[in-house]
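# Working through the structure, step by step
Here is what each chain is made of, one letter per residue.
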Amino acid sequence: MQLLDGKTLAKKIEEKVSFEAKEFKKTTGRVPGLAVILVGHDPASQAYVGMKKKACDRAGFYSVTHEMPDDISQEAIIKTIEMMNLNPNIDGILIQLPLPAHIDTTKILEVVAPSKDVDGFHPFNVGRLATGLDGFVPCTPLGVMELLSEYSIDPKGKNAVIVGASNIVGKPMAALLLNANATVTITHIHTKDLRAHTLGADMLFVGAGVINLIGEDMVSEGCVVVDIGINRTEDGRLVGDVNFDTVAPKTSYITPVPGGVGPMTIAMLLSNTLKAAQNHGEEV
Ligand code: NAD
């Protein structure tokens, strides 16, 4: 069993991005810029936004966070996004999810200019990913693909099973793996016999948000296991969706939590924001 060390790779990518940001400044006189929209006071969202801001600082990016109260109107959020769409110092716009229940998330995500959609959630970029064209790809699944590539793990011809089918994790993960010529199965909460699917996996990608969802009896010998879940235990520890201690000995490769996919997500946000800056506002 070998660990897929996202922490080390993320650091390497951040160093490369930070070097390229300096080159970008030499030619354009400005640094890449990221605008974050944070609605409400969800502690997890605040923590994630804080981490993203720190990462921007490390990479030498400009970043601004628009903090808005829980009861903000949809129109006010849309106005702020439209301002950011027009702001030449902003290359990337990120809407921290989840938004409060009275806000139509789909509508909000559609207001972000596709050329600044560094989270890859706009239907324009979702469509480009689905058709295998260049565009902005959601940071978490993109980070997973970078991690596989770093360890020369090629999904081509492999049975790749994904647990979780959200727009943020599972669906884009499936599109990327399909584009990489894997045979892809997506499972979710309504899947009848989850174990029957996971046992057939050469590569297993788990992003459900359920502690210990995957135990050793659900994984075949030699499987590559990527744990995308982030959960907090009652005693405050961060754990994934996979029972690491029992599953790890059966795997060929496995991501730890923390230190696996999490740091890669932040590194990919920086990389997507740099790409948006280098594209000079073009859509791809
Ligand atoms: P979500 O709630 O939107 O989606 C969860 C998905 O898992 C759904 O498709 C649901 O059907 C499926 N699911 C839930 N319970 C299941 C079960 N018992 N069996 C099979 N499928 C089940 O969540 P999300 O935003 O996609 O996030 C999923 C997990 O990934 C969470 O733990 C989240 O914290 C984590 N996450 C991590 C990163 C990172 O950077 N590592 C980024 C985003 C999300």
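Up top you'll find the structure we're talking about.
Note that residues are indexed from 1 along each chain, following the sequence as it is written. The model is predicted, so local features are restricted to residues of pLDDT at least 70 and side-chain atom pairs to those at 80 or more, both for listing and for counting; the totals for chains, interfaces and linings are taken over all residues. The basis for every side-chain value is the complete set of non-hydrogen atoms in the structure, without hydrogens or water.

The next point concerns the environment of Ala174. Secondary structure follows DSSP: runs of H or I at least 4 residues long count as helices, runs of E at least 2 residues long count as strands, and numbering of each begins at the N terminus. Along the chain, Ala174 turns up in helix α7 (residues 170–179). Separated by 31 residues in the primary sequence, Ala174 and Phe205 have C-alpha atoms spaced 9.4 Å apart. Here, two residues are considered to be in contact whenever any of their heavy atoms come within 4.5 Å of each other. The residues contacting Ala174, other than those within four sequence positions of it, are Ile162, Val184 and Ile186.

A molecule or strand has a residue near it when one of that residue's heavy atoms lies within 4 Å. Contacts to the ligand come from 20 residues, most closely from Ala165, Ser166, Ile189, Ile230 and Thr265. Any N or O atom pair separated by 3.5 Å or less is treated as a polar contact, with the protein-specific requirement of one donor-capable and one acceptor-capable atom, and with residues adjacent in sequence counted only for side-chain atom pairs. In the model, an oxygen atom of the ligand is placed 2.5 Å from a nitrogen or oxygen of the Ser166 side chain. Taking Ile230, its main chain carries an N or O atom lying 3.0 Å from an oxygen atom of the ligand. Every accessible area reported is derived by Shrake-Rupley at a probe size of 1.4 Å, with residue values counting cover from the shown protein chains alone. Protein chains bury 71% of the 860 Å² of accessible surface belonging to the ligand in isolation. If you tally residues by element for the shell around the ligand, the top one is helix α10 (residues 261–278), at 3 residues. Under the grouping applied here, Gly and all other residues not named as nonpolar or charged are polar, the nonpolar ones being Ala, Val, Leu, Ile, Met, Phe, Trp, Tyr, Cys and Pro and the charged ones Asp, Glu, Lys and Arg. A class-by-class count of the residues in the shell around the ligand yields 10 nonpolar, 10 polar and no charged.

Buried means the residue's accessible area, taken with a 1.4 Å probe over protein chains only, is under 20% of the maximum for its type, while exposed means over 50%, and partly exposed covers the values in between. Counting buried positions over the 7 residues of strand β2 (residues 33–39) gives 7, a clear majority of the element. Burial of β2 is two-sided: the residues Gly33, Ala35, Ile37 and Val39 facing one way and the residues Leu34, Val36 and Leu38 facing the other way are all buried. Where β2 and strand β3 (residues 62–68) come together, 7 bridges link them in parallel fashion. The residue bridging Leu34 from the neighbouring strand is Ser63, located in β3. The sheet contact formed by β2 and strand β4 (residues 92–95) spans 4 bridges and is parallel. Opposite Ile37, over in β4, you have Ile95 as the bridge partner. Should DSSP find at least two bridges between two strands, the strands are taken to pair.

Every case where a carboxyl oxygen of Asp or Glu lies within 4 Å of a side-chain nitrogen of Lys or Arg is listed as a salt bridge. This model, assessed by the stated rule, comprises 10 salt bridges. With its nearest N and O atoms 2.8 Å apart, the salt bridge here joins Arg58 to Glu14. Taken together, the positions of Arg58 in helix α2 (residues 43–59) and Glu14 in helix α1 (residues 6–28) put the pair 44 residues apart, joining distant regions of the chain. Note on Glu14: relative accessible area 14%, which makes it buried. A salt bridge links Lys53 to Asp57; its shortest N-O distance comes to 3.4 Å. Of this pair, Lys53 and Asp57 both sit in helix α2, 4 residues apart, which is roughly one turn of the helix. For Lys53, a relative accessible area of 36% gives the class partly exposed. The class for Asp57 is partly exposed, based on a relative accessible area of 46%.

Picture the strands of a sheet paired through backbone hydrogen bonds; they go either parallel or antiparallel. Strand order in the open sheet made by the 6 strands is β1-β11-β8-β7-β5-β6, with parallel pairing throughout. The two strands at the open ends of the sheet, each matched to only one other strand, are β1 (2–3) and β6 (183–187). Bridging between strand β8 (residues 224–227) and strand β11 (residues 253–254) involves 2 bridges; their strand directions are parallel. Residue pairing in the sheet places Val225 in a bridge with Ile254 of β11. Strand contacts of α7: β5 (159–163), β6 and β7 (203–206), with the helix running at about 170 degrees to β5, the strand carrying the most contacts. Axes, fitted as lines to C-alpha atoms, cover a helix only where it is in contact. Angles between the N-to-C directions of the axes lie from 0 to 180 degrees.

The nonpolar side chains of a soluble globular protein tend to be buried with one another. One finds Phe61, Leu148, Met173, Leu177, Phe205, Val226 and Ile228 to be the most contacted residues of the largest nonpolar core, which totals 51 residues. The greatest single-element share of this core, amounting to 9 residues, is contributed by α10. Excluding anything up to four places from it in sequence, Val226 contacts Leu4, Val144, Leu148, Leu204, Phe205, Val206, Thr255 and Val261. As used here, the term nonpolar core means buried Ala, Val, Leu, Ile, Met, Phe, Trp, Tyr and Cys residues forming a set that is joined through side-chain atoms within 4.5 Å. Counting residues in hydrophobic clusters, the runner-up holds 19 residues, among them Ile78, Val111, Val112 and Phe121.

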